[in-house]
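# Close look at the chain arrangement
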2 protein chains.
Amino acid sequence: MYVSTKIVGVNVTRGKVREFFDNIALETILKIYVNESYYGAFLLTPDMLKEFVIGNLFSEGVIDSLKDIQKIEISKDIARVESTRIVSELLKAKRNLVEFSCVAGDIGELAAIIGRYRVSSDIMLNASTIVEVFRTLHERMPVFRATGCTHGAALLDERGEIDCLAEDLGRHNAVDKVAGFALLRGLNLNRYALILTGRETPQIVLKAARIGTPIVCSFSAPTLGAIKLAKALGLTLVGFVRGGRFNVYSHPERIRIDFTSRQSL
Amino acid sequence: MYVSTKIVGVNVTRGKVREFFDNIALETILKIYVNESYYGAFLLTPDMLKEFVIGNLFSEGVIDSLKDIQKIEISKDIARVESTRIVSELLKAKRNLVEFSCVAGDIGELAAIIGRYRVSSDIMLNASTIVEVFRTLHERMPVFRATGCTHGAALLDERGEIDCLAEDLGRHNAVDKVAGFALLRGLNLNRYALILTGRETPQIVLKAARIGTPIVCSFSAPTLGAIKLAKALGLTLVGFVRGGRFNVYSHPERIRIDFTSRQSL
């Protein structure tokens, strides 16, 4: 998912100029058609394309399970999906409604959607598990290590094991690849936390709720819209997992504090 | 552009849980209409909205100068622009063509666009100036310092001065705000480098070429599509400016090596 290309490196502090080969991330375009209708065009890192297509339809609420897909064909830059579901403009309108309304803070208007996607899970994660998984996350991302240019997403179970890790130039795409990978393997996403390297936005929170992961954790920060939406959807939002600490922005009841010296200010 | 909200902080290494107020970045939605036609909806950090609208139209090639805009009205989440230019679907089609074609590596098809936007400037930047500006860039970004959640973009002149700094949740938006700010002040963008915190993608390179900044420098990495497009457009692409060094991916002739001990491998 990367190529080696010649570049000029300038080291100002050491007073050196040299030419060398460096690894550069590749991107490709994938146009998706569902039941002959144009669904969208996506710029993404060219791997896990089938997982991406399935995961995107799932995380955007177009399909509810693998059963809703009859056939997928991917050739070059086009993916054709046959689905039993009717994919109409309504779905796109709904998606936009959610993105925009949660930004504007008008969660009330979204009652129907929140009712449908509200997460419910008694999964508990140890605080130490969350810290530990982020300590080694970048080491497990080969394209990031080669290029420094990708976001990562993965699933984390209660024992602290990472599964379904995906990388992509786009943080939404990485989540979709994970979702599709998990769906193809029949995982119960209700028992996993979604872990990310990218920022937590309303769109990411909604994707997590739609695929059913009750906890989202990231290196990065959430926006206010993401926090509002996570609260409304019953989702645990954890951010800024760095240097042995993290913040919990909503529904902290799923985080088990597994250290003895506890202090509340 | 941020609010303070109560969160739960968990410090695993110190064995502490506490509630505190933290600064969270705000986002808003802005729907832009040009000559009564819907142009697009954008999620962005709610400041510099007028700059953003003007800059986006400029960086996307819809307008060529401020003269092409007769009137702008922004109220709540809607911006209405009256322009002497006819903004048709053609423009969107062209934009897509460029994004997608350069990703696929088919620069040949883009000859007309490359001819129109090819950059030409004899600006020279000292290597030490590039290193120095990134050393303090985050300190000059108040929303980033408060929230850790924004990208920054700015203009850098040959003397090493930073101008028009803008922040936004979206890296494209930050560039558009800078472009609009510069246009309103009548700056000759041909004499500035565009500096960024975010990744260098084909879309960013194309925006730089359209607004006329001949050099783009970032903390982050470029994609292969960005490098190909920068080479074709005659634009100097600098990335990974970190720890006293950086890489030059295209047209290094605009970088002046201002240290004496030079070594070429």
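So, here's what we can say about the structure. Every value quoted in this text rests on a predicted model; they were computed, and no experiment measured them. (Residues numbered from 1 in each chain as written. Chains lettered and ligands numbered in written order. Predicted model: local features only at pLDDT ≥ 70, side-chain atom pairs only at ≥ 80, totals over all residues. Heavy atoms only, no water.)

### Let's talk about helix 6 (residues 171-184) of chain B
Residues and elements named next belong to chain B. Here helix 6 is 14 residues long and its end C-alpha atoms lie 20 Å apart, about the 20 Å a rise of 1.5 Å per residue gives. The element helix 6 is extensively covered by neighbouring structure, given that 11 of its 14 residues are classed as buried. As for helix 6, its buried residues are in contact with strand 4 (37-44), helix 1 (49-59), strand 8 (151-156), strand 9 (162-168), strand 10 (193-196) and helix 7 (202-211). Downstream of helix 6 by one or two residues, Gly 186 has phi in the positive range, about 70°. (Helix = DSSP H or I, 4+ residues; strand = E, 2+ residues; numbered from the N terminus. Expected span 1.5 Å × (residues − 1). Buried < 20%, exposed > 50% of the residue type's maximum accessible area, 1.4 Å probe, protein only. Contact = heavy atoms within 4.5 Å.)

### Examining the relation of the copies chain B and chain A
Overlaying chain B with chain A gives an RMSD of 0.0 Å, the required rotation being 180° about an axis along which the chain moves by 0.0 Å. On this basis, the relationship between the two copies can be described by a two-fold rotation axis. Mapped onto chain A, 100% of the interface residues of chain B are again interface residues, and the two copies thus contact each other with one and the same surface. (Least-squares fit on C-alpha atoms with pLDDT ≥ 70 in both.)

### Re the packing of helix 6 of chain B against helix 7 of chain B
Residues and elements named next belong to chain B. Between helix 6 and helix 7, whose axes approach to 11 Å, the crossing angle comes to 5°. Comparing the axis directions of helix 6 and helix 7 gives the class roughly parallel. Taken together, the residues of helix 7 that come into contact with helix 6 (itself represented by Arg 171, His 172, Val 175, Asp 176 and Ala 179) are Gln 203, Ile 204, Lys 207 and Ile 211. Per-class residue counts for the contact of helix 6 with helix 7 are four nonpolar, two polar and three charged. (Axes fitted to C-alpha atoms, helices over the stretch in contact; angles between N-to-C directions. Parallel < 35°, antiparallel > 145°, perpendicular 65-115°, else oblique. Nonpolar A, V, L, I, M, F, W, Y, C, P; charged D, E, K, R; others polar.)

### Overview of the side chain of Ser 121 of chain B
On the secondary structure map, Ser 121 of chain B appears in the loop between helix 3 (111-117) and strand 7 (125-126). Not counting residues up to four positions away in its chain, the partners in contact with Ser 121 of chain B are Asn 190, Arg 191, Pro 214 and Arg 254 of chain B.

### What to know about the sheet that holds strand 5 (residues 69-75) of chain B
Residue and element names in this part refer to chain B. Spatial ordering of the open sheet is given by 4-3-6-5, a layout of four strands whose pairing is mixed. A strand with exactly one partner marks an edge of an open sheet, and here the two such strands are strand 4 and strand 5. Strand-to-strand, the axes of this sheet are offset by a mean angle of 20°, without reference to chain direction. Relative to strand 6 (residues 78-83), strand 5 runs antiparallel, the two sharing six bridges. Looking across to strand 6, one finds that Ser 75 is bridged to Ile 78. (Pairing = 2+ DSSP bridges.)

### What about the packing of aromatic side chains?
For any pair of aromatic rings, geometry is given as the distance between the ring centres together with the angle between the planes. Residues and elements named next belong to chain B. Using the criterion set out here, one finds eight aromatic pairs over all chains in the structure. Ring geometry for Phe 42 and Phe 52: centres 5.3 Å apart, planes at 75°, overall edge-to-face. Here Phe 52 lies in helix 1 and Phe 42 lies in strand 4, a separation of 10 residues in the sequence. Per residue, the accessibility class of Phe 42 equals that of Phe 52, and both read buried. Between Phe 134 and Phe 219, the aromatic rings sit 5.0 Å apart at their centres with planes inclined by 70°, giving edge-to-face as the arrangement. (Phe/Tyr/Trp six-rings, centres within 6.5 Å; stacked < 30°, edge-to-face > 60°.)

### Regarding the nonpolar core
The tendency in soluble globular proteins is for nonpolar side chains to be buried as a group. Judged by nonpolar contacts, the single largest core of 61 residues is most densely connected at Ile 32, Leu 57, Leu 235 and Leu 237 of chain B. In terms of residues, this core owes the most to one element, helix 8 (residues 224-233) of chain B, which gives seven residues. Not counting residues within four places of it along the chain, the set of residues in contact with Leu 57 of chain B comprises Val 34, Tyr 39, Val 62, Ile 63, Ile 69 and Val 81 of chain B. In terms of nonpolar packing, the next biggest core, distinct from the first, is built from 60 residues, Ala 221, Ala 230, Leu 235 and Tyr 249 of chain A among them. (Core = buried A, V, L, I, M, F, W, Y, C linked by side-chain atoms within 4.5 Å.)

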